[in-house]
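Next come the chains, spelled out residue by residue.
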Amino acid sequence: MNLTLHVWRQKDAKSSGKLETYPARNISGDMSFLEMLDVVNEDLIKQNKDPIHFDHDCREGICGSCSMMINGMAHGPERATTACQLHMRKFHDGEHIHIEPWRAKAFPVLRDLIVDRSAFDRIIQAGGYVSVNTGGTPDGNAIPVPKENADTAMDAATCIGCGACAAACKNASAMLFVAAKVTHLSVLPQGSAERRERALRMIQQHDAEGFGHCTNQYECEAACPKEIGVKFIAKLNREYIRAGASSLVRRESGAGDNAG
Amino acid sequence: MQLESHIPSGPLAGKWTKYKADQKLVNPANKRKYSVIVVGTGLAGGAAAATLAELGYNVDSFCYQDSPRRAHSIAAQGGINAAKNYQNDGDSIYRLFYDTIKGGDYRAREANVHRLAEVSVNIIDQCVAQGVPFAREYGGLLANRSFGGAQVSRTFYCRGQTGQQLLLGAYQALSRQIYNGKVKMHPRTEFLDLVVIDGRARGIVVRDMTTGKIESYSADAVLLATGGYCNTYFLSTNAAGCNVSATYRAYKRGATFANPCYTQIHPTCIPVSGEHQSKLTLMSESLRNDGRVWVPKNASDIGKHPNSISESDRDYYLERIYPSYGNLAPRDIASRQSKKACDDGRGVGPGGRGVYLDFAAAIKRDGLSKIQEKYGNLFDMYERITGESGYKQPMRIYPALHYTMGGLWVDYNLMSNLPGLFVLGEANFSDHGANRLGASALMQGLADGYFIIPYTLSNYFAGVKPEKLSTDHAEFKRCEEEQKQKIQKMLSIKGKKTAIDIHRELGHIMWDNVGMARTKESLNRAIDKIRNLREEFWSSVNVPGTNDDLNQALERAGRVADFLEFGELLAKDALTREESCGGHFREEYQDSEGEAKRDDEHFCHVAAWEYAGPDKEPVRNVEPLNWEVAHPSKRSYK
């Protein structure tokens, strides 16, 4: 099939960007969306033009690298799918496709479709872990975990940190991302000791990065390639309330001990 | 060159305990004076960086991805082995050790493998403590399943996302140390060169992939945990960015490269659909627990809908040939049998390069919901890529490049022949021999990162003084200048071919001549063709843009240039190893039943290649393998 692409081009974070139009010819339905972009890029290079830059790596839907708005939808029109797992059989001949980078103030554009998502890393660094050093840990079966808790933790832990939730939200809120990690760790006994401080500090960092507040419109859930549900945001809210006022944050930034 | 393995003396089962008792320590107050560079943030690199920072060392961590959480370990699906014997089915450290040695076709070092089996037990405890959500039984205890090459259930798993969850555990531990200021993280930074001063690894040259800036970092030790070289073959199950550049460039600076011909072809991948394809997707090996592999008995049934082919007309060839292991036969054996069935004209799907993986019997036995619970995401993935439902008809699978067992040579300390250069995980050669069993890669990555390097690196540091070396040193400047010139050369060629065109051609040469079966003729042919292709690259590649900004075409070209040199070394290693073992199958060396025929008399050794100069033949060094406990025998899974 033949398609027309309207792609956001932006040289770097300081330059302004604009949509440019490119043809995509002889596209097979078996190609993934990124393979279609590969074909377009190979043509551009052969014409001595700059190829379209986009983040990608595993190309099997798990690393979370690929990030793009396709026709205004994060990762495109197919539900529960990353851009690398979207196949061209979902489009039809002659279609115009608009491709843009993630939209969120906290994700500045680095080039074309590539954005800087290090804000997510800083949110995890603020407390998205169990503070345990290597070695000397008890036997794995010493603390039984009810299967339903382990399953809930796994449902939440499946988040790939792609950023679609924030990109899809009109308020650019990353609550679903934060909720997934907070839920994953708080339902397990191992993560329970630090649950209060974790919720407070991750939310504090989320806000400091410039992500907005949740508006309960569930766009994040609709866009999530791993089908992480907004029920985890409800869980996050409960954890946050339970943790109480931010004055409970006992730890100074940069200190080593964060037992909560 | 004399390759000293530095294996501790004494009985095999006590070597690691003895090492730990004898090792030299660094006083906690002195640890903060030492600096370490860790390249790569997968299971090995992420775990090492976090653990070394916990101990008090100053760590600089580098990855080419935008976040350390995206290292390719994240895509591993199946599971991680540990000799816990929770199932009371006869497992033990000895049995895991023995299975791994046998699975590697007696081409791994006994002492390293035994240590791996020993620490496997601690890995699970560590990960559970970090909150890794392993699958659980209703009683709350950890669940297990079995995996290829084993007759016990010793594999721990997190649905089909084990690699992701283990990596997130390491990433979270790393994040904690970044927050604490003990790790300085450098994402979107690619390794360009290793800096060796007075015979010791003292730093690295890197490129900031956002700005193009080339800069140097110095340290008291350098750790490479940069994964394998599957993408030499262009199509593989590895992530698009996986590359050989760090290990290959370290080789060019004096580190020896061991057993590059050992590549693993995984039997359960989704078959190739066309020339546009940029990568292959693996279906977890755990599927072989319940799925039955077959092809039609008669070539005349090819093209028929699989559900219409009667039971009596199906050839469940793995169950037929290997009755005791059946569909769980090791990867090299299962892959080769798939190739045979297809060579025999009985392959299914486009191009006749596929075999069926059938769940009908398992669904009938356990019910659809049980199968969905165990493998649901894999079935979804298959349907998304092929447009077919694995619940309603058998899936189609075919072997693909998946893992590389060769890597930089290391001793028992995980140190290369260059003092101060340590190599971890898939980037080293040490634990898997000529073949890797399922669920053993994650185990090795985490063993190296969490439980081995903290001891062996301290032992090394106890013998060298910490020293802050300025990156203004002439050797750093020389290496930076060389890299800048190489980049400028690539940018100035302005030919007609893209780096991807040339990479794809290299992939065809490798798969056709150095793939599942190799011969003297095919290997010589490959070497000639690779040389020609390399010349073509340097005369007709077109790399657009500049080095002053984010330039993905330039990143790719730099990696392809290394694959074009490394591919020749891989083929050369395969040519000189005149035997068949594990994933290295030389057609000239097979028994009457078509099974791999080892030559223990002449090749029971590690081949470690030494760089001799740009136009010179590399030197093949040998480390003999000695057997104290697991004496080589014919590897039979029948």
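Note that this is a predicted model, so its numbers are computed, not measured.

Looking at the overall build of chain A
Link 1 in the chain: Scanning chain A from N- to C-terminus turns up nine helices and seven strands.
Link 2 in the chain: Taking the principal axes of the C-alpha coordinates as reference, chain A spans close to 60 × 40 × 40 Å.
Link 3 in the chain: Expressed as a percentage of its 260 residues, the buried residues of chain A come to 59%.
Link 4 in the chain: Nonlocal contacts in chain A, meaning residues at least 24 apart in sequence, comprise 70% of its contacts between residues at least 6 apart.
Link 5 in the chain: Placing the 30 positive and 32 negative side-chain charges of chain A at their respective mean positions leaves the two points 4 Å apart.

Things to note about helix α1 (residues 15-22) of chain B
Because each turn of an α-helix spans 3.6 residues, side chains separated by three or four positions in sequence point in the same direction.
Link 1 in the chain: Three or more residues of α1 of chain B are buried, namely K15, W16 and Y19 of chain B. Projection of α1 of chain B onto a plane perpendicular to its axis shows the buried side chains occupying an angular sector of 95°, all on one side.

A word on the sheet that holds strand β4 (residues 73-74) of chain A
All names here are of chain A.
Link 1 in the chain: A sheet is described by the order of its strands in space; here five strands give the open sequence β2-β1-β5-β3-β4, paired in mixed fashion. Only two strands of the sheet have a single partner each, and these edge strands are β2 (18-24) and β4.
Link 2 in the chain: Here two bridges tie strand β3 (residues 69-70) to β4, and the two strands are oriented antiparallel to one another. Each bridged residue has a counterpart across the sheet, and for M69 the counterpart in β4 is A74.
Link 3 in the chain: Together, β1 (3-9), β2, β3 and β5 (96-100) form the strand contacts of helix α1 (residues 33-46), whose direction differs from that of β2 by roughly 90°.

Comments concerning the sheet that holds strand β10 (residues 257-258) of chain B
Residues and elements named next belong to chain B.
Link 1 in the chain: Judged by pairing direction, the sheet is antiparallel, and its four strands sit side by side in the order β16-β10-β18-β19 without closing on themselves. A single partner strand is all that each edge strand has here, and the edge strands are β16 (407-408) and β19 (619-624).
Link 2 in the chain: Alignment of strand β18 (residues 605-610) against β19, held across six bridges, turns out to be antiparallel. Each bridged residue has a counterpart across the sheet, and for E610 the counterpart in β19 is V619.

Comments concerning the pairing of strand β6 (residues 189-197) of chain B
All names here are of chain B.
Link 1 in the chain: With nine of nine residues buried, β6 lies mostly within the body of the structure.
Link 2 in the chain: With eight bridges connecting them, β6 and strand β7 (residues 200-208) associate as antiparallel partners. From the neighbouring strand, I197 faces β7, where its bridge partner is R200.
Link 3 in the chain: In sequence, β6 turns back onto β7 through a hairpin of two residues, with D198 there showing a positive phi of about 50°.

Describing the environment of G420 of chain B
Link 1 in the chain: As for its position among the elements, G420 of chain B is in the loop between β16 and β17 (421-423).
Link 2 in the chain: In this structure the C-alpha to C-alpha distance between G420 of chain B and A246 of chain B, which are 174 residues apart in sequence, comes to 15 Å.

Some details on the nonpolar core
Link 1 in the chain: Among the nonpolar cores identified, the biggest contains 240 residues, and F134 and L421 of chain B are the most heavily contacted of them.
Link 2 in the chain: Split by domain, this core shows at least three residues from each of two domains, domain 1 (3-111) and domain 2 (119-259) of chain A.
Link 3 in the chain: Among all residues touching L421 of chain B, those that are not within four sequence positions of it are L194, A201, V222, L224, A250, A255, L408, L414, M415 and S416 of chain B.
Link 4 in the chain: Counting 26 residues, the second largest nonpolar core, distinct from the first, contains M31, L34, M36 and F54 of chain A.

What to know about the packing of helix α6 (residues 162-179) of chain B against helix α12 (residues 441-461) of chain B
Residue and element names in this part refer to chain B.
Link 1 in the chain: It is at 11 Å that the axes of α6 and α12 come closest, and there the two elements cross at 10°. With respect to α12, the element α6 is oriented roughly parallel. Only L442, L446 and Y450 of α12 make contact with α6, whose side of the interface consists of T162, G163, L166, G169 and A170.
Link 2 in the chain: In terms of residue class, the contact of α6 with α12 is made up of five nonpolar, three polar and no charged.

Describing the domain arrangement of chain A
Residue and element names in this part refer to chain A.
Link 1 in the chain: Structurally, chain A comprises domain 1 (3-111) and domain 2 (119-259).
Link 2 in the chain: Here the C-alpha centroids of domain 1 and domain 2 sit 30 Å apart.
Link 3 in the chain: Each side of the interface is counted separately: domain 1 has 18 residues, and domain 2 has 20 residues.
Link 4 in the chain: Summing the contributions of domain 1 and of domain 2, the shared interface buries around 1300 Å²; its carbon and sulfur component is 62%.

Focus on the confidence of the model for chain A
Link 1 in the chain: Per-residue pLDDT for chain A has a mean of 94; in total, 94% of the residues score no lower than 70.
Link 2 in the chain: When the criterion is pLDDT under 50, residues 252-260 of chain A qualifies, and its contacts beyond four places in sequence or with other chains add up to 19 contacts.

So, the interface of chain A and chain B
Link 1 in the chain: Between chain A and chain B, the residue contacts involve 83 residues of the former and 77 residues of the latter.
Link 2 in the chain: Summing both partners gives a buried area of about 6500 Å² for chain A against chain B, and 48% of it is carried by carbon and sulfur.
Link 3 in the chain: Put simply, chain A and chain B have nine salt bridges between them.
Link 4 in the chain: Across the pair R159 of chain B and D155 of chain A runs a salt bridge whose closest N-O atoms are separated by 2.8 Å.
Link 5 in the chain: Where chain A packs against chain B, one counts 54 residue pairs in polar contact (both at pLDDT 80 or more).
Link 6 in the chain: Put simply, the parts of the chain that give the side of chain A that touches chain B at least two residues each are α1, β6 (109-111), β7 (114-115), α2 (118-125), α3 (147-157) and α5 (175-186) of chain A.
Link 7 in the chain: Its residues assigned to classes, the side of chain A that touches chain B comprises 33 nonpolar, 25 polar and 25 charged.

Describing the packing of aromatic side chains
Residue and element names in this part refer to chain B.
Link 1 in the chain: Tallying each qualifying case throughout the model produces 34 aromatic pairs over all chains.
Link 2 in the chain: Plain terms: the ring middles of W294 and Y316 are 6.3 Å apart, the flat faces sit at 50° to each other, and that makes the pair tilted. With W294 in strand β12 (residues 292-296) and Y316 in the loop between β13 (314-315) and α8 (317-321), this pair connects stretches of sequence that are 22 residues apart. In this structure, W294 and Y316 share a single accessibility class: buried.
Link 3 in the chain: Centre to centre, the rings of Y460 and F461 are 5.9 Å apart; their planes meet at 45°, and the pair counts as tilted.
Link 4 in the chain: F461 gets classed as buried once you look at its relative accessible area, which sits at 0%.
Link 5 in the chain: By way of ring pairs, the aromatic residues Y229, Y248, Y251, F257, F566 and Y611 are connected into one cluster.
Link 6 in the chain: Across the ring face of Y316, the terminal group of R292 is positioned such that the distance to the ring centre comes to 3.8 Å.

Some details on the side chain of R436 of chain B
All names here are of chain B.
Link 1 in the chain: Here R436 shows up in the loop between β17 and α12.
Link 2 in the chain: Here R436 falls in the buried class, since its relative accessible area comes to 4%.
Link 3 in the chain: Beyond its immediate sequence surroundings of up to four residues, R436 is in contact with Q264, R331, H402, Y403, M405 and A441.

What about unusual backbone geometry?
Peptide bonds are trans in most cases, and residues, glycine excluded, mostly fall at negative phi.
Link 1 in the chain: Positive phi is not limited to glycine here, since Y218 of chain A has a value of about 65°.
Link 2 in the chain: Tracing the backbone shows Y218 of chain A in the loop between α7 (195-208) and α8 (219-223).

Thoughts on α5 of chain A
Residue and element names in this part refer to chain A.
Link 1 in the chain: Taking 1.5 Å per residue, twelve residues should reach 16 Å; α5 reaches 16 Å between its end C-alpha atoms and fits that length.
Link 2 in the chain: Burial analysis of α5 places twelve of its twelve residues in the buried class, which makes it a mostly covered element.
Link 3 in the chain: Among the residues of α5, those classed as buried are M175, L176, F177, V178, A179, A180, K181, V182, T183, H184, L185 and S186.

So, the pattern of salt bridges
Residues and elements named next belong to chain B.
Link 1 in the chain: All told, the structure shown has 73 salt bridges over all chains when counted by the stated rule.
Link 2 in the chain: D315 is the salt-bridge partner of R346, the closest N and O atoms lying 3.1 Å from each other. Here D315 lies in strand β13 and R346 lies in the loop between α9 (331-343) and β14 (355-358), a separation of 31 residues in the sequence.
Link 3 in the chain: The partner of R586 in a salt bridge is E588, and the shortest N-O contact between them spans 3.1 Å.
Link 4 in the chain: Given a relative accessible area of 1%, R586 falls into the buried group.
Link 5 in the chain: In this structure, a network of salt bridges that share partners links the residues D105, R107, R577, E579, R598 and D600.

A look at the pairing of strand β8 (residues 214-218) of chain B
Residues and elements named next belong to chain B.
Link 1 in the chain: Bridge count between β7 and β8: five bridges; the pairing is antiparallel. Pairing of V205 across the sheet is with S216, part of β8.
Link 2 in the chain: Turn length for the β7-β8 hairpin, with the two strands adjacent in sequence and antiparallel, is five residues, and the turn residue G212 shows positive phi of about 80°.

Regarding the environment of E148 of chain A
Residues and elements named next belong to chain A.
Link 1 in the chain: Assignment of secondary structure puts E148 in helix α3.
Link 2 in the chain: Take E148: its relative accessible area is 61%, and that puts it in the exposed class.
Link 3 in the chain: Considered as a pair, E148 and G72 are 76 residues apart in the sequence and their alpha carbons are 36 Å apart.

Criteria and cut-off values
- Residues numbered from 1 in each chain as written.
- Chains lettered and ligands numbered in written order.
- Predicted model: local features only at pLDDT ≥ 70, side-chain atom pairs only at ≥ 80, totals over all residues.
- Heavy atoms only, no water.
- Helix = DSSP H or I, 4+ residues; strand = E, 2+ residues; numbered from the N terminus.
- Buried < 20%, exposed > 50% of the residue type's maximum accessible area, 1.4 Å probe, protein only.
- Contact = heavy atoms within 4.5 Å.
- Lys, Arg positive; Asp, Glu negative; His and termini not counted.
- Charge placed at Lys NZ, Arg CZ, Asp CG, Glu CD.
- Arc of directions from axis to C-beta.
- Pairing = 2+ DSSP bridges.
- Axes fitted to C-alpha atoms, helices over the stretch in contact; angles between N-to-C directions.
- Core = buried A, V, L, I, M, F, W, Y, C linked by side-chain atoms within 4.5 Å.
- Domains from an automatic or database assignment.
- Parallel < 35°, antiparallel > 145°, perpendicular 65-115°, else oblique.
- Nonpolar A, V, L, I, M, F, W, Y, C, P; charged D, E, K, R; others polar.
- Buried area = accessible area lost by both parts, 1.4 Å probe.
- pLDDT = per-residue confidence, 0-100.
- Salt bridge = Lys/Arg side-chain N within 4 Å of Asp/Glu carboxyl O.
- Polar contact = N/O pair within 3.5 Å; in protein donor to acceptor, adjacent residues only side chain to side chain.
- Phe/Tyr/Trp six-rings, centres within 6.5 Å; stacked < 30°, edge-to-face > 60°.
- Lys NZ or Arg CZ within 6 Å of the ring centre and 35° of its normal.
- Expected span 1.5 Å × (residues − 1).

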